[in-house]
Amino acid sequence: MKDGDEPWIAVPQNKTVDFFNYLRGFGYSFTLDCRGICEENVFSFTEGENFERLQSIVSQFPLG
């Protein structure tokens, strides 16, 4: 998803650590914020990040 020009992804709490490690393996820089009572965590990426590449990488991770 995007907020303005900034892409972000909501991740269930139980997948946060695995998703964090997965993305770090691709060299992404991001911030991680807690949403609500830690039901979801939001990974925000910098503007100008290759959104198509990011979508392709994220689609390979089992979030559900």
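Before any of the text, the structure's been laid out above.
For every chain, the first residue of the written sequence is number 1, and numbering continues from 1 onward in sequence order. pLDDT decides what is reported in this predicted model: residues at 70 or higher carry local features, side-chain atom pairs at 80 or more are listed and counted, and totals for whole chains, interfaces and linings draw on all residues regardless. Only hydrogens and water are set aside; all other atoms, that is, all heavy atoms of the structure, feed into the side-chain values.

J.: Report on the overall build of the protein chain, specifying residues and quantitative values.
T.: Under the DSSP-based scheme used, a helix requires at least four consecutive residues in state H or I and a strand at least two consecutive residues in state E, with every element numbered from the N terminus. If you tally the helices and strands in the protein chain, you get two helices and four strands. Computation of the radius of gyration draws on C-alpha atoms, with the globule rule given as 2.2 Å multiplied by the number of residues to the power 0.38. Against the globule reference of 11 Å for 64 residues, the protein chain gives a C-alpha radius of gyration of 11 Å, in line with a compact fold. C-alpha atoms of the protein chain, sized along the principal axes, occupy 30 × 25 × 20 Å. Only protein chains enter the accessibility calculation, which uses a 1.4 Å probe; a residue is then buried when its area is under 20% of its type maximum, exposed when over 50%, and partly exposed in between. For the protein chain, the residues scored as buried account for 30% of the 64 residues in total. Residue pairs at least 24 apart in sequence account for 63% of intrachain contacts in the protein chain once pairs closer than 6 positions are excluded. Note on areas: Shrake-Rupley with a 1.4 Å probe; residue coverage comes only from the protein chains shown. Roughly 4200 Å² of accessible area belongs to the protein chain as shown, and the carbon and sulfur atoms make up 48% of that amount. Distance between charge centroids for the protein chain: 7 Å, based on 5 positive and 10 negative side chains. Every residue pair with non-hydrogen atoms within 4.5 Å of one another is taken to be in contact. When charges are counted, neither His nor the chain ends are considered; positive counts come from Lys and Arg and negative counts from Asp and Glu. Note on charges: their place is set at NZ of Lys, CZ of Arg, CG of Asp or CD of Glu.

Geometric values such as these leave the question of function open.
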